[in-house]
Amino acid sequence: MDRLAALLQHFHLRARIFNSGPLCEASRYDSTDGLGHIHLLKKGSLRLQVDGAPDRLVTEPSLIFFLQPTGHSLVPGAAGAETVCGDFSFGSARNPLSRALSGPILLELAQLDGLSRTLELLFDEALIERCGRQAAMDRLCELLIIQLFRHLMDREEIDVGLLAGLADPRLARALMALHDQPQAPWTLAQMASEAGMSRARFAAAFRETLGQTPGDYLTQWRISLAQSLLLQGRPTDWVAHAVGYSGPPALAKVFRQSLGLSPTQWLKSSD
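Residues numbered from 1 in each chain as written. Predicted model: local features only at pLDDT ≥ 70, side-chain atom pairs only at ≥ 80, totals over all residues. Heavy atoms only, no water.

Q: Help me understand the environment of Leu101, please; the structure alone is not making it clear to me.
A: In this structure, Leu101 sits in the loop between β6 (72-89) and β7 (105-108). Classification of Leu101 by relative accessible area gives buried; the value is 3%. When the C-alpha atoms of Leu101 and Asp159 are compared, they prove to be 9.4 Å apart, with 58 residues separating the residues in sequence. Residue contacts for Leu101: discarding those within four places in its chain leaves Phe65, Leu67, Gln68, Leu152, Ile158 and Leu163. (Helix = DSSP H or I, 4+ residues; strand = E, 2+ residues; numbered from the N terminus. Buried < 20%, exposed > 50% of the residue type's maximum accessible area, 1.4 Å probe, protein only. Contact = heavy atoms within 4.5 Å.)

Q: I'm lost on the packing of aromatic side chains in this one. Help?
A: Each aromatic ring pair is specified by the distance between its two centres and by the angle formed by the two planes. By the definition in use, this model includes nine aromatic pairs. A centroid spacing of 5.3 Å and a plane angle of 5° characterise the contact between Phe65 and Phe88, whose relative ring orientation is stacked. Taken together, the residues span a long stretch of sequence, with Phe65 in strand β5 (residues 62-66) and Phe88 in strand β6 at a distance of 23 residues. A single burial state applies to Phe65 and to Phe88, both of which are buried. Ring centres 6.2 Å apart and planes at 80° place the aromatic pair Phe65 and Phe149 in the edge-to-face group. With Phe65 in strand β5 and Phe149 in helix α3 (residues 133-154), this residue pair connects regions lying 84 residues apart in the sequence. Residue classification places Phe65 among the buried residues on the basis of a relative accessible area of 0%. In this structure an aromatic cluster arises from ring pairing among Phe65, Phe88, Phe90 and Phe149. Taking NZ or CZ as reference, Arg222 lies 5.5 Å from the ring centre of Tyr245, over its face. (Phe/Tyr/Trp six-rings, centres within 6.5 Å; stacked < 30°, edge-to-face > 60°. Lys NZ or Arg CZ within 6 Å of the ring centre and 35° of its normal.)

And the structure:
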């Protein structure tokens, strides 16, 4: 059961390592770039300052992960900090993966046994200038993010959001069906049947875990997928049917309700 397959197929993860080595002074990262951030503290200590939250002192080798664009700063300790830092995106600000976590994740590297080989390779690439170093680091960062998603789902360490839903075996079956078949005429009863639950229990569990109703999630998924397909150059009529709408007028109505723009207007604004 590949819970991430459809999401990663339609929303392509792109990561970029932009800093490796000693962190000599405070570094500020804004939320206006629309990117997520990942920071690895290999050695030393630093103070993590997140906008609107108390400072956190990080003294052990750790992974700091911001899935959503978040204003934050890293301040090296007195003895300095050796870090590897990157940013990433999934191609669309509205895709479900970009909203899968509500806040930053801070985990000690010692807790991440399943990521140890990737971390070792990434640190090795960051240490020495070699041919293809940047491309290798970027791809290893992408792999690390996928493995982190897997780790969080398998350990059930997230209580709310898409990853929490995918960590629940019953909700995961329904979510995977929605992701794989957005064009199907889904009803609450059919979604609940996929999960093996009653309609009332399914609706309550879905809303409690993902923070929205099943119907709202399905609409957001269809819009996100439509955006991805439109950006690939697919015609509007084809896109409408592919994501479960009767034709361009129906798709345009949902776009306007959600985005305030028609699909054509949205596509022009994305240029």
